[in-house]
Amino acid sequence: MRLQPLFLGVAIIMAISLPAAAQTADRLYVMDCGHNSALDQSRWSPGVNVGKPIEFSDNCYLIHHGTQWFLWDTGFPDALADKPVTNALGTATRAKKLAAQLDEVKVKPADISFVAISHTHGDHIGNVDMFPTSTLLIQKAELDWAFAPGKPAPFKRDRPMRELSGDLDVFGDGSVTILSTPGHTPGHQSLLVHLARTGWVVLTGDAAHFKDNWDNDRVPSLNTSAEQTHASHARLAKVVADKKALLWINHDLPTFESVKHSPQFYE
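These numbers were taken from a predicted model, which means no experiment stands behind them. (Residues numbered from 1 in each chain as written. Predicted model: local features only at pLDDT ≥ 70, side-chain atom pairs only at ≥ 80, totals over all residues. Heavy atoms only, no water.)

A short note on the layout of surface pockets
Applied cut-off: Only protein atoms enter the 1 Å grid used here, on which a cavity is any set of points holding a 1.4 Å probe that cannot leave and a pocket is any open set flanked by protein within 12 Å on both sides along at least five of seven lines; residues with an atom within 4 Å of a point are listed as lining. Grid points are joined across faces, edges and corners, and a volume is the space filled by probe spheres set on the points. Helix numbering and strand numbering both begin at the N terminus, where a helix is a DSSP run of H or I of at least 4 residues and a strand a DSSP run of E of at least 2. Only Asp, Glu, Lys and Arg are considered charged in this grouping, and only Ala, Val, Leu, Ile, Met, Phe, Trp, Tyr, Cys and Pro are considered nonpolar; every other residue, Gly among them, is considered polar.
In this structure, the largest pocket spans a volume of roughly 440 Å³. Mapped by element, the contributors of at least two residues to the lining of the largest pocket are β2 (54-65), β4 (85-87) and β5 (90-93). The element contributing the most residues to the lining of the largest pocket is β2, with three residues. Among the residues making up the lining of the largest pocket, the classes are represented as eight nonpolar, ten polar and four charged.

Spelled out as structure tokens, the structure:
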């Protein structure tokens with residue numbers, strides 16, 4: 001009987017000293033946030049299929065955690081659903097508006113606590129201003145680059161915002177973690193999500209555009225740093241291996257076609 005307090009004390013000390021296991025997010029919705037019929041794949045895959053067209057997917061990811069909602073990327077502007085845009089790179093369209101997809105799962109823009117963007121290219125920040133009360137999570141390096149003198153503002157800067165200088169455990173429990181992965185842009189970031197049934201998922205952003213680029217560690221000519229791109233690829237590859245994570249490459253059409261889309265969800 002006298003040993004019971006000792007055992008209890010040891011158990012308490014062990015519980016305090018051991019690191020907490022990563023918790024899980026409740027749901028992840030994959031939303032269709034646009035499509036790009038690009039004219040020349042080699043712009044993103046140097047030396048590959050020069051002058052040949054390729055189809056891009058573009059996704060947004062809505063995550064439910066406890067009582068909060070988190071949105072990763074906002075895709076092309078919803079206005080493209082009414083009027084596609086064609087330029088020197090190709091034609092950008094939207095089959096569904098982000099606002100309509102959120103409404104379908106009964107989520108209002110004001111319900112979303114956090115919006116995080118992988119980077120500030122137009123196919124990822126097209127609807128940031130739809131969420132003026134959400135806290136925007138963005139790397140400081142990306143913000144400084146996007147709002148450099150002489151550049152058009154990608155979104156309204158007067159808003160709740162948290163400028164990051166590296167990784168961020170968004171909810172403090174390991175379930176949703178922003179990973180700093182510069183290279184495509186100076187402050188590019190990716191996302192690691194932990195779900196109870198699905199397990200770990202890595203959302204690459206544009207750390208790689210296609211699975212073939214990922215497999216061959218290719219660096220698009222438009223990236224701001226080849227060295228950082230290679231380092232970020234190696235980092236994400238290690239995360240995928242260590243966590244046995246699913247790898248979801250945002251613009252890879254076969255990846256898009258292989259996953260279920262909102263209003264269906266992953267748990």
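Things to note about unusual backbone geometry
With the exception of glycine, most residues fall at negative phi, and the peptide bonds are largely trans. To be explicit about the condition: Each residue gets one of three labels from its accessible area relative to the maximum for its type: buried under 20%, exposed over 50%, partly exposed in between, using a 1.4 Å probe on protein chains only.
For the peptide bond that leads from Ser262 to Pro263, omega is 15°, which places it in the cis range. Checked against the element boundaries, Pro263 lands in the segment after α6 (253-258). Unlike most non-glycine residues, Asp73 shows phi in positive territory, near 65°. As for its placement among the helices and strands, Asp73 is situated in the loop between β3 (68-72) and β4. Taking relative accessible area as the criterion, Asp73 reaches 1% and is therefore assigned buried. At Lys244, a position not held by glycine, the phi torsion is positive, near 55°. Its location among the elements puts Lys244 in the loop between α5 (226-243) and β13 (246-248).

Some details on the sheet that holds strand β11 (residues 189-195)
Selection criterion: By definition, two strands form a pair when at least two bridges between them are found by DSSP.
Taken together, the five strands give an open sheet; going across it, the order is β9-β10-β11-β12-β13, and neighbouring strands pair in mixed fashion. Because the sheet does not close on itself, it has two edges, and the strands there are β9 (168-169) and β13. When β9 meets strand β10 (residues 176-180), the two strands line up antiparallel, connected through two bridges. Each bridged residue has a counterpart across the sheet, and for Leu168 the counterpart in β10 is Ile178.

Overview of the side chain of Asn127
As a reminder of what qualifies: Any pair of N or O atoms that falls within 3.5 Å is considered a polar contact. Within protein, one atom must be able to donate a hydrogen and the other to accept it, and sequence-neighbouring residues count only if both atoms are side-chain atoms.
Note that Asn127 resides in the loop between β6 (112-116) and β7 (135-139). Asn127 sits in the buried class, given a relative accessible area of 6%. Here Asp78 takes part through its backbone nitrogen, which lies 3.0 Å from a polar atom of the side chain of Asn127.

Digging into the pairing of β2
Within β2, eleven of the twelve residues are buried, which leaves the element mostly enclosed by the surrounding structure. Pairing of strand β1 (residues 27-38) with β2 involves ten bridges; the strand directions are antiparallel. What sits directly across from Ala38, in β2, is Ile54. Bridging between β2 and β3 involves five bridges; their strand directions are antiparallel. Residue His65 lies in a different strand from β3, and its bridge partner there is Gln68.

With respect to the confidence of the model for the protein chain
Rule in force here: Confidence scores per residue from the predictor, reported as pLDDT, run from 0 to 100. Should any heavy atoms of two residues lie within 4.5 Å, those residues are considered in contact.
On average, residues of the protein chain carry a pLDDT of 93, and 92% of them reach 70 or more. Confidence drops under pLDDT 50 across residues 1-19; counting only partners more than four residues distant or on other chains, this segment forms zero contacts.

With respect to the state of the cysteines
Selection criterion: Here, two cysteine sulfur atoms that lie within 2.5 Å of each other are counted as a disulfide.
For the coordinates displayed, the defined rule picks out one disulfide. What pairs with Cys33 in a disulfide is Cys60, and their sulfur atoms sit 1.9 Å apart. On the S-S bond that ties Cys33 to Cys60, the torsion sits near -120°, and the link is left-handed. Within this pair, whereas Cys33 is found in strand β1, its partner Cys60 is found in strand β2, the two being separated by 27 residues in sequence.

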